[in-house]
Amino acid sequence: MPEQTDTERPEFASLEVARQGRVLLLTMNDPATRNALGNGMMARGREALEEAAHDTGIGAVVLTGAGGAFSSGGHLTQLYDHAGKSRSENRESIERFHGWVRIMRECPKPIVAAVEGPAAGAGFSLALACDLIVAAADARFLTAYVRVGLNADGGASISLARALPPQLCAELMLDGGPVDPQRLQQFGVVNRIAEPGRALDDALRWAATLAEGPAAAMGRAKRLMELAYGNFATQLARESDLFVEALHHPEAREGITAFFEKRPPVFPR
């Protein structure tokens, strides 16, 4: 059982923070939205990782979702509303998410994603921002953005381009998925596959092993990998620009409207 749980601030209630020995467990918990990424959740995620980075008692982090889902991604209702706001307001909203992702990439502690059920849109981006992924055999990964007339954010474009052959990357970016974890494991995007319902247990065991390793060396290794891969932060900025452009295009208005009306979108030609 968790040794310590943060439930004090209601605005952060959708992200539960607990410690299990030297492992920090972050659980997205918003059943009504299948753990969509709300502002409170993202703020708590940033804060928790900033604290973990400087806490010598924490050696690794596990990120998961409650209720049989990792995360359904961004709140489409909020995105629909943001299309009527200024582009600077849109960028501020995206920056809340990108700030969390940047801290994940900069955190010197290994971060393991434990994925059950869907990891869709920004939820997939969040899993990709972790260093390692343990997925249940029946998990589902969807970029999903293009299906509502949007483009990737959260670093998905660079994460997938780094890891996948161009054709599979194009399939995910242009078709939207879903793709099963077995296929992603073939290319190393998913590290380990667990029995359904066991992804968190397996991730916690792996994280506990990592947490006993040489913390400074692993922190340096993460920095070296980031430098070798190319500039993640620059790609986040590009994604932000194009996401805002997409949000103000009629395609996104139609795509998101069709999603809520439960019908296929008819994109303008």
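Residues numbered from 1 in each chain as written. Predicted model: local features only at pLDDT ≥ 70, side-chain atom pairs only at ≥ 80, totals over all residues. Heavy atoms only, no water.

Per an unreviewed UniProt entry, the protein is named Enoyl-CoA hydratase, and its organism is Roseomonas genomospecies 6. Taken from UniProt, the Sequence similarities (unreviewed entry) comment for the protein reads in full: "Belongs to the enoyl-CoA hydratase/isomerase family." (UniProt positions renumbered as here; feature names shortened; annotations may be inferred.)

1. Observations regarding the nonpolar core
Counting 60 residues, the largest nonpolar core has Trp100, Val115, Leu126 and Phe141 as its most contacted members. Beyond its immediate stretch of four places on either side in the chain, Trp100 contacts Met28, Leu37, Met41, Met42, Gly45, Arg46, Leu49, Leu63 and Leu126. Among the nonpolar cores identified, the runner-up in size contains 18 residues, and Val62, Ala136, Ala203 and Leu210 belong to it. (Core = buried A, V, L, I, M, F, W, Y, C linked by side-chain atoms within 4.5 Å. Buried < 20%, exposed > 50% of the residue type's maximum accessible area, 1.4 Å probe, protein only. Contact = heavy atoms within 4.5 Å.)

2. Thoughts on helix α5 (residues 156-163)
Of the residues making up α5, those classed as buried are Ala156, Ser157, Ile158, Ser159 and Leu160. For α5, the elements touching its buried residues are α4 (122-129), α6 (166-175) and α10 (232-247). (Helix = DSSP H or I, 4+ residues; strand = E, 2+ residues; numbered from the N terminus.)

3. Details of the packing of α5 against α6
At a minimum axis distance of 8 Å, the contact between α5 and α6 shows a crossing angle of 155°. In terms of orientation, α5 and α6 fall into the roughly antiparallel class. Here the hand of the crossing between α5 and α6 comes out right-handed. Of the residues in α6, those touching α5 at Ser157, Leu160 and Ala161 are Cys169, Leu172 and Met173. When its residues are assigned to classes, the contact of α5 with α6 shows five nonpolar, one polar and no charged. (Axes fitted to C-alpha atoms, helices over the stretch in contact; angles between N-to-C directions. Parallel < 35°, antiparallel > 145°, perpendicular 65-115°, else oblique. Left-handed = near helix turned anticlockwise from the far one by under 90°. Nonpolar A, V, L, I, M, F, W, Y, C, P; charged D, E, K, R; others polar.)

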